[in-house]
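# Geometric and topological summary
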Amino acid sequence: MTTDLNTLLTALYVKIDDEIGGTRWMGRPPLLSDSELVCLAVAQALLGYHSEARWLRYARKNLSDMFPYLPQRAGYSKRLKSALPLLKRMIRELAMDSDFWTDTVWIADSTPVPCGMSRPTVQRSNMAGWAGYGYCASHSRFFWGLRLYLVCTPTGMPIMWAMANPKIGEREILAAMLEVDADLVAARDGILLITDKGFASEPFEKDLAEQGIELLRPSLKREKKRYGEPMLKKVRQLIESVNDTLKGQLDLEQHGGRTFEGVAVRVTQRVLAMAAGIWHNNLIGAPVTRSLIAYDH
């Protein structure tokens, strides 16, 4: 069993190339193909390079055998932003190609994605109107930015995800996500959706039941103990560990985006990197599917 970065990138390149069927271009094709571009973006996230300029210097020195041609920083940034739909598509394709796609146990949670740390930054930011102020109860702190909503399997494989202003209610965002992917929900029988107390609402729970989704969450103080609540402590650790993978190993909060497109592609880049690691670990039969240790150095 081989679990190094080169092996993952090779398998990922073949998978992407098979899925897109070799992109056809008008005129001369680019020296860096779309498949190579996505692999390069995944490698950047796994190796923890926040700066695109520093990443390209490192790649020219250490990854020239895998990427014979590398664009300049401006060209790389422009290509990466234009490839955002492809990055999103590959997250879904990797999930569908894993053993976890048919899992009927889903975990839903949200985590802050800060985009500014000072008041002048907030006032001048191009993201005003999309980003906003929010509160992170886990760390007892306020932040300005977005929230990343993630619905995943217990192994951490992303099923659906979205980013939204933190002022919008969590139930509203999750309901919209389930509506957008209604066909995906309808294709599964007996989905068990595990959330925290923030998603508590009788009307919301009834709407989920109509879609064939059973909600499992901790009880509120005024409620009686809910069915299945004792198992939530272990599940909560799974939720926190998925967030820790995104923040601790993939540096979600250090994304460096300053515009709508920049933040979107950098967050997508990190979600794709986690999905690629889980997909490849599942492919080779690794004992811990969400471990990225073999790929981050």
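So, here's what we can say about the structure. The model shown is predicted, which means the values in this text are computed figures rather than measured ones. (Residues numbered from 1 in each chain as written. Predicted model: local features only at pLDDT ≥ 70, side-chain atom pairs only at ≥ 80, totals over all residues. Heavy atoms only, no water.)

### Let's talk about the overall build of the chain
Formally: Helix and strand assignments come from DSSP, with helices taken as H or I runs of at least 4 residues and strands as E runs of at least 2, each series counted from the N terminus. All radius of gyration figures rest on C-alpha atoms, and the globule criterion is 2.2 Å times the number of residues raised to 0.38. Working definition: with a 1.4 Å probe on protein chains only, accessible area under 20% of the residue-type maximum means buried, over 50% means exposed, and in between means partly exposed. By definition, residues are in contact when any of their heavy atoms lie within 4.5 Å. Note that accessible areas follow from Shrake-Rupley with a 1.4 Å probe, and for residues the cover is restricted to the protein chains shown. Asp and Glu count as negative and Lys and Arg as positive, but His and the ends of the chain are not part of the count. Here the site of a charge means NZ on Lys, CZ on Arg, CG on Asp, or CD on Glu.
The number of helices and strands found in the chain is eleven helices and six strands. Taking 19 Å as the expected radius of gyration for a compact globule of 297 residues, we find that the chain reaches 20 Å, a close match to that expectation. If one aligns the C-alpha atoms of the chain with their principal axes, the spans along those axes are about 65 × 50 × 35 Å. A burial count over the chain gives 52% of its 297 residues as buried. Considering only residue pairs separated by 6 or more positions, the chain has 64% of its internal contacts joining residues 24 or more positions apart. Here the chain displays about 14,800 Å² of accessible surface, and carbon together with sulfur accounts for 52% of that area. A distance of 9 Å separates the average location of the 37 positive side-chain charges in the chain from that of its 33 negative side-chain charges.

### Examining the side chain of Lys247
Secondary-structure assignment places Lys247 in helix H10 (residues 232-249). The residues contacting Lys247, other than those within four sequence positions of it, are Thr111, Pro112, Arg141, Leu252 and Glu253.

### Some remarks on the nonpolar core
Operational definition: For this analysis, a nonpolar core means a set of buried residues of the types Ala, Val, Leu, Ile, Met, Phe, Trp, Tyr and Cys, connected via side-chain atoms within 4.5 Å.
With 94 residues, the main nonpolar core has Val42, Leu46, Trp55, Trp106, Leu146 and Leu148 as its most contacted residues. In terms of residues, this core owes the most to one element, helix H11 (residues 260-284), which gives twelve residues. Setting aside residues no more than four positions away along its own chain, Leu148 makes contact with Asp109, Ser110, Thr111, Val113, Trp161, Ala162, Met163, Leu246, Leu252, Val267 and Val271.

### What to know about the side chain of Glu52
Tracing the chain through its elements places Glu52 in helix H3 (residues 52-62). Ignoring any residue separated from it by four or fewer positions in sequence, one finds Glu52 in contact with Gln44, Arg73, Tyr76, Ser77, Leu80 and Arg266.

### A few points about the packing of aromatic side chains
In this description, an aromatic ring pair is defined by two values, namely the gap between the centres and the angle between the planes. Condition: Each Phe, Tyr or Trp ring, with Trp reduced to its six-membered ring, pairs with another whose centre is within 6.5 Å; inter-plane angles below 30 degrees give stacked pairs, above 60 give edge-to-face pairs, and intermediate values give tilted ones. For a ring to carry a charge above it, either NZ of a lysine or CZ of an arginine must fall within 6 Å of the ring centroid while also lying within 35 degrees of the normal to the ring plane.
Summed over all chains, the structure comprises five aromatic pairs. A ring pair is formed by Tyr49 and Trp55, whose centres lie 5.5 Å apart and whose planes are at 50 degrees; its orientation type is tilted. The exposure classification of Tyr49 matches that of Trp55, with both residues buried. With a centroid separation of 4.8 Å and an interplanar angle of 55 degrees, the aromatic rings of Tyr135 and Phe142 are classed as tilted. Given a relative accessible area of 40%, Tyr135 falls into the partly exposed group. An aromatic cluster of three or more residues is present, and its members are Tyr49, Trp55 and Tyr58. Taking NZ or CZ as reference, Arg188 lies 4.7 Å from the ring centre of Trp101, over its face.

This is a description of form; function is not addressed.
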